[in-house]
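Read off the chains here:
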Amino acid sequence: MAKKPKKIEIIIYTDFVSTKARAGRDIVDRVMGSVGEEVGFTYKACLPKSEDEEIWMTAKALLAAEKQHKFEDLHPKLLDGDRQVSKDTLYEVLGSIDIDIAQFQADFESESLLRELSANTQEAEKKGVDLFPALTINGRLYQGALDESALLEAIEKRGGYRMEIAIEEFFKWGASAAFVLLIATIAGLLFVNLGFHEIYEYFRHADFGFVFGEYSYTLPLEIWINDALMALFFLLIGIEIKREVLYGELSDMKRAAMPVIAAIGGMLVPAVIYLAVNANGAGAHGWGVPMATDIAFTLGLMALLGKRVPISLKVFVSALAVADDLGAIVVIAIFYGHGFHLEPFMAALITLCVMAFLSYKKVYTIMPYLLLGIVLWYFVFESGIHATLAGVLTAIIIPSRRSGNLVGVATQAAVVFDHEIEYAKKQEEHVAIRHGSMRLLQNAFERLREPSYYLEHSLEKWVNYLILPLFAFFNTGILLRGSQLNLLEPVNIGIILALCVGKPLGIFGASWIASKTGLAQLSSEISWVQVLGAGCLAGVGFTMSIVVASAAFKGEILDAAKISILVASFISAVVGLFILYKAKKQT
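As the structure is a computational prediction, the values presented were derived from the model and not from experiment.

Calculation notes
- Residues numbered from 1 in each chain as written.
- Predicted model: local features only at pLDDT ≥ 70, side-chain atom pairs only at ≥ 80, totals over all residues.
- Heavy atoms only, no water.
- Buried < 20%, exposed > 50% of the residue type's maximum accessible area, 1.4 Å probe, protein only.
- Helix = DSSP H or I, 4+ residues; strand = E, 2+ residues; numbered from the N terminus.
- Pairing = 2+ DSSP bridges.
- Patch = residues over 30% accessible without salt bridge, like charges linked within 9 Å, V, L, I, M, F, W, Y side chains within 5 Å.
- Areas by Shrake-Rupley, 256 points an atom, 1.4 Å probe, with all protein chains shown as cover.
- Salt bridge = Lys/Arg side-chain N within 4 Å of Asp/Glu carboxyl O.
- Phe/Tyr/Trp six-rings, centres within 6.5 Å; stacked < 30°, edge-to-face > 60°.
- Lys NZ or Arg CZ within 6 Å of the ring centre and 35° of its normal.

Asks: So what's going on with the pairing of strand E1 (residues 8–14)? Residues and values would help.
Replies: With 6 of 7 residues buried, E1 lies mostly within the body of the structure. Examined bridge by bridge, E1 and strand E2 (residues 39–45) share 7 bridges and lie parallel to one another. By the bridge assignment, Thr14 is partnered in E2 with Ala45. The pairing of E1 with strand E3 (residues 134–137) spans 4 bridges and is classified as antiparallel. Directly across from Ile11, in E3, lies its bridge partner Thr136.

In structure tokens form, the structure reads like this:
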């Protein structure tokens, strides 16, 4: 009768040699004793990451002993203490345990043992294992704490754990943010055009706000989303721009030259094409609409092509999109405010000066900047300048500093952990790490990154999976009518031509001129066909274009502009993906 398969299979990858791997095995062994027979455990020894002959000999010996189920007998005798492992000491230890020496020697010298070690190591690397010990639960790498209760919880949750892993894998997928944004866009269009237009408009224009005694401050939901929540999006964009300028692709003039020049071409040519179509017309003010690139959609679409897109092209497009976003922010701030009020503008300047003073005094705690950023947003909004500018200014003001010394922080952490372990051993029951030590570790680990790093990563998922989808849903729910679908109207044709033709023409043309004149150099890994494909993908204006359109237009002309942005973004995405897909085959 065939054995009933285990419901949960756990594989433990270990090098069998290091002290930490041995401690990890002890924890897993205790977990094994706490679960039922439906959970299967398999140990897989991996190659030690060392060229030291003694370590290799020890690893092979332990694996050979494991084949006779004598690992537990050999392990403490061979590794405990200061024993230097050699063939003599190895066989001396073997003589003290009940083991078949001839069989051990055959296993120890066999090529199959080395092949097994190599295969296990490769398997671990494919699963994403970097450090030992590590384990997988039903084929998924466990990335939680190496702790009995945490492991038992992961095992007991079964389906819940698999769901957590699936959600985590979705977030890691490069195209996930673009996918969610696309779903929100389609949902908005369908919701309105399937008979729920009145409900949609009711929520868009419903007032929300704060009441404190006789004072109240309310705004329509659409304004809260477009001007307040999107300020967080621009805060995130600002952090990304600042990082690239200080440490990334825009920090070195030689590396930054090509994407910056390409971005300038990708902004100027679409604006010129739009103005050529709409000169002296009612839509002339919308020349900034086709200048923008949606970084989430563009990079998400490139992620769909996987290895067909070289890393250097992704870096080029990322830097280009960041430079493009910076240009779009400047255009919005200067040209697309709504009136101007001096008193709140002066209050915004004072708030900004307070934030700058804190930054000058090296106050690295993020909270004061966020609180003052809210105050700054209020005054910028009331001044008539586009309120999302407050997010960018806050990102710029937050101070930067060099990352802490990794060796020093690691040494400090090791001392703290050793101290806490010694304390825990003296207690009769399990104790948590003490508050003072925990705070010390938090301060040390936070020093490994600049302050804005943690803010960026805490904002990223909220922006990509809540704020941008909300923006898309409440800005693309357009009741489709004939006047809006007339793509020959100047505003419509201007936007479509500018994004679909102007963007790739501007990016490709500027890059080609810069290369031929020696102003900048294109990576040897990138072909000109791929530059053209990337330029087409940059024509996916979407979020940024809708932000500019919402600032430039009102009423039916705004709805028509949004439809044109969607059409142009769709065409640009299809053409860009096709070119990049074919370009790989040609190289």
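Text resumes after the structure shown.
Asks: Any chance you could break down a nonpolar patch on the surface for me, citing the residues and the numbers?
Replies: A cluster of nonpolar side chains, namely Leu182, Ile186, Leu190, Leu194, Phe196, Ile199, Tyr202 and Phe203, defines an oily patch on the protein surface of about 790 Å² accessible area. With respect to the helices and strands, the residue Leu182 is situated in helix H9 (residues 176–205).

Asks: Lay out the packing of aromatic side chains with the relevant residues and their values.
Replies: In the structure shown here, the tally under the stated rule is 18 aromatic pairs. Ring geometry for Tyr217 and Tyr378: centres 5.3 Å apart, planes at 65°, overall edge-to-face. Taken as a pair, Tyr217 in strand E6 (residues 215–220) and Tyr378 in helix H15 (residues 366–383) lie far apart in primary sequence, 161 residues in all. Judged by relative accessible area, which is 12%, Tyr217 ranks as buried. For the ring pair Trp377 and Phe381, a centre distance of 5.2 Å and an interplane angle of 15° mean the geometry is stacked. You can see Trp377 and its partner Phe381 sitting in helix H15, 4 residues apart, about one turn around the helix. Here a set of aromatic residues connected by ring pairs shows up, and it is made of Phe210, Tyr217, Trp224, Trp377, Tyr378, Phe379 and Phe381. A cation over an aromatic ring shows up here: Arg434 above the ring of Tyr423, its NZ or CZ 3.7 Å from the ring centre.

Asks: An account of the pattern of salt bridges is needed here, citing residue identities and associated values.
Replies: Inspection of the entire model under this criterion finds 6 salt bridges. The partner of Lys503 in a salt bridge is Asp324, and the shortest N-O contact between them spans 2.6 Å. With Lys503 in helix H21 (residues 490–517) and Asp324 in helix H13 (residues 311–335), the pair connects residues that are 179 residues apart, well separated along the chain. Each member of the pair, Lys503 as well as Asp324, is classed as buried. Among the ionic pairs, Glu420 bridges to Arg434, the shortest N-O distance being 3.1 Å. In this pair, Glu420 sits in helix H17 (residues 406–426) while Arg434 sits in the loop between H17 and helix H18 (435–446), placing the two residues 14 residues apart along the sequence.

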